[in-house]
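# Chains, contacts and geometry: an overview
Okay, here's what each chain looks like letter by letter:
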Amino acid sequence: MAADSGPQPAAAPISLADYERLAAESLDAGTHAYVFGGAGDEVTLRDNLASWQRFAIRPRVLVGAGQLHRGTTVLGRPRPHPLIVAPMAFQRLVHRDADIATARAAAATNTIMCLPTFSTTTPAALVEALPGAPRWFQLYVFADRGVSRELIGLACELGYEALVVTVDLPVTGVRDRELRHPVPSPRPETAAGPRTAGGFIAPADLGGLIDPDLSWSDIERFAADASIPVVAKGILTPEDARLAVEHGARGVVVSNHGGRQLDTVLAAADALAPIVDAVGDQVDVLVDGGIRRGTDVLKALALGARAVMIGRPVLWGLAVDGTAGARRVLEILLGELDTALALAGAPNAAQLDRSFVTTAPWVAERR
Ligand code: GLV
């Protein structure tokens, strides 16, 4: 065959990394900074990725991989798989159809969609567009508590199945990339939008709306008032996980906010097992941060997570190809999870436990 066979068609993305590259090429500098950036020197941002690779899989063989079951139970409800779309603000920055497009991708793959407080779609519009789809609602607690009360009431009324209260953003982290490249201000259609001048919120001003004095007693009040389970998102220590349980949370998300808040905190994978040991027998422990492969999902489940939240990769898919891209990202991850379950000798994801993972020898050698 001739060496120069002319221009080749662009290869279709086959991995989350492909979507990352394509999204990076397509976004303006400000949006790129917002989506890709982390706090400070981005040590935690990078370490989230590296942390899953510090675990090696201990695979078992000849256990029968003909029938795969990736089901799990989250907040008492059976789910066909452990993926949840993480709440991500200002999705309209990357695609005009924003949260609705993401929600369609989630619904097509039977994935729970967690609608962010700073969505560009109202909680009601999402329900109208996808009435039967599984949905959670993320709550940022505003200094104006009236707004938060309204949002909680709305989420319960509209059939959202859980209230995910973000607890790790009393103030916004120092995000160098966003300081260098100002992020465009989308016009959110959320309940929060009309409370701000002209309905516009610059992502940089988000911290100013949120109550820095949110406390455990607030979590207790939300848990008592809401007719749906409260999940505390942004927990990194067993101490806080125990407090969350004591104050009525039915679940915790082990998360460092995608490395966007306090740089050099623990990576998600490292924080997970001690928290599972502390509260895993009382509430559901979820995790997010740096999950890019089916093997990462498998490790999270083996360490004791009930489910995992997927953030940036869904935005990459959305940026590249709207609903189709976000859907493909979720499908790739599910396909990889199936392969990982089969090859690790855990055809039923419920069988996964700590015996399937160990500290990777390459980590021990480095110490
Ligand atoms: C919002 O949650 C952000 O991390 O920008």
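Placed above this text is the structure.
Description of the structure in this document. (Residues numbered from 1 in each chain as written. Predicted model: local features only at pLDDT ≥ 70, side-chain atom pairs only at ≥ 80, totals over all residues. Heavy atoms only, no water.)

### Some thoughts on the overall build of the protein chain
Across its full length, the protein chain carries 14 helices and twelve strands. Seen through its C-alpha atoms, the protein chain measures out along the principal axes to roughly 60 × 55 × 45 Å. Taking all 367 residues of the protein chain together, the buried fraction comes to 56%. Roughly 15,500 Å² of accessible area belongs to the protein chain as shown, and the carbon and sulfur atoms make up 53% of that amount. In the protein chain, 34 positive and 41 negative side-chain charges are present, and the distance between their average locations comes to 4 Å. (Helix = DSSP H or I, 4+ residues; strand = E, 2+ residues; numbered from the N terminus. Buried < 20%, exposed > 50% of the residue type's maximum accessible area, 1.4 Å probe, protein only. Areas by Shrake-Rupley, 256 points an atom, 1.4 Å probe, with all protein chains shown as cover. Lys, Arg positive; Asp, Glu negative; His and termini not counted. Charge placed at Lys NZ, Arg CZ, Asp CG, Glu CD.)

### Some words on the site of the ligand
Taken together, the neighbourhood of the ligand is formed by Y34, Y140, R175, L206, H257 and R260. H257 is positioned with one of its side-chain polar atoms (N or O) 2.9 Å from an oxygen atom of the ligand. Coverage of the ligand by the protein chains reaches 91% of its 190 Å² of free accessible surface. The residue inventory of the shell around the ligand, partitioned by class, reads three nonpolar, one polar and two charged. (Near = heavy atom within 4 Å. Polar contact = N/O pair within 3.5 Å; in protein donor to acceptor, adjacent residues only side chain to side chain. Nonpolar A, V, L, I, M, F, W, Y, C, P; charged D, E, K, R; others polar.)

### Some thoughts on the packing of aromatic side chains
One pass over the full model with this rule turns up six aromatic pairs. Geometrically, the ring pair formed by F36 and W316 is stacked, given 5.8 Å between the ring centres and 15° between the ring planes. With F36 in helix α2 (residues 29-36) and W316 in helix α13 (residues 312-344), the pair connects residues that are 280 residues apart, well separated along the chain. Neither residue differs from the other here; F36 and W316 are each classed as buried. Here the aromatic rings of F118 and F142 are separated by 5.8 Å at their centres, their planes lie at 85°, and the arrangement is edge-to-face. A residue pair is termed long-range when its members are at least 10 positions apart, and F118 in the loop between β5 (112-115) and α5 (123-129) and F142 in the loop between β6 (135-139) and α6 (145-157) qualify at 24 residues. Summarising the burial analysis for this pair, F118 and F142 share the class buried. By the ring-pair criterion, three or more aromatic residues cluster together here, those being Y34, F90, F118, Y140 and F142. Positioned over the ring face of Y34 is R260, at 4.7 Å from the centre of the ring. (Phe/Tyr/Trp six-rings, centres within 6.5 Å; stacked < 30°, edge-to-face > 60°. Lys NZ or Arg CZ within 6 Å of the ring centre and 35° of its normal.)

### With respect to the environment of D18
Relative to the elements of secondary structure, D18 occurs in helix α1 (residues 16-26). Overall, D18 belongs to the buried group, its relative accessible area being 17%. Taking C-alpha positions, D18 is 18 Å from G289, a pair spaced 271 residues apart along the chain.

### Examining the nonpolar core
If you look at the biggest cluster of nonpolar residues, it comprises 101 residues, and the most contacted ones within it are L163, L272 and V287. Per-element tally for this core: the top contributor is α13, with 15 residues. Beyond its immediate stretch of four places on either side in the chain, L163 contacts F137, L139, I152, A155, A226, I228, P229, V230 and V231. By size, the runner-up hydrophobic cluster in this structure holds 14 residues, among which are A86, W136, A162 and V164. (Core = buried A, V, L, I, M, F, W, Y, C linked by side-chain atoms within 4.5 Å. Contact = heavy atoms within 4.5 Å.)

### Section: helix α4 (residues 98-108)
For α4, the tally of buried residues reaches eight of eleven residues, placing the bulk of the element in the interior. Three or more residues of α4 are buried, namely A98, D99, I100, A101, T102, A103, A105 and A106. Against β4 (83-85), β5, α5 and α13 lie the buried residues of α4. Phi turns positive one or two residues past the end of α4, at N110, with a value near 55°.

### Focus on the sheet that holds β5
Read once around its circumference, the closed barrel built from eight strands follows the order β4-β5-β6-β7-β8-β9-β10-β11, with strand pairing classed as parallel. The sheet shows a mean angle of 30° between the axes of neighbouring strands, taken without regard to direction. (Pairing = 2+ DSSP bridges. Axes fitted to C-alpha atoms, helices over the stretch in contact; angles between N-to-C directions.)

### Description of the environment of S148
In this fold, S148 is placed in helix α6. S148 gets classed as buried once you look at its relative accessible area, which sits at 1%. Placed 31 residues apart in sequence, S148 and T117 show a C-alpha to C-alpha distance of 9.6 Å. With residues near it in sequence (within four places) discarded, S148 still touches L139, Y140, V141 and F142.

### Thoughts on the pairing of strand β11 (residues 307-310)
Where burial is concerned, the two faces of β11 agree: the one with A307 and M309 and the one with V308 and I310 are both buried. Where β4 and β11 come together, three bridges link them in parallel fashion. Note that in β11 the partner of V85 across the bridge is I310. In terms of strand pairing, strand β10 (residues 284-288) meets β11 through three bridges, oriented parallel. Opposite V287, over in β11, you have V308 as the bridge partner. What joins β10 to β11 is helix α12 (residues 294-302), and the crossover it makes is right-handed. (Right-handed = clockwise from strand over helix to strand, strands pointing away.)

### Points about the packing of helix α10 (residues 238-246) against helix α11 (residues 268-279)
Relative to each other, α10 and α11 sit at 40°, their axes nearing to 9 Å. Here α10 and α11 pass one another in a crossing that is right-handed. On α11, the residues touching P238, A241, R242 and V245 of α10 are P274, I275, A278 and V279. Its residues assigned to classes, the contact of α10 with α11 shows seven nonpolar, no polar and one charged. (Left-handed = near helix turned anticlockwise from the far one by under 90°.)

Read these as geometric descriptors, not functional statements.
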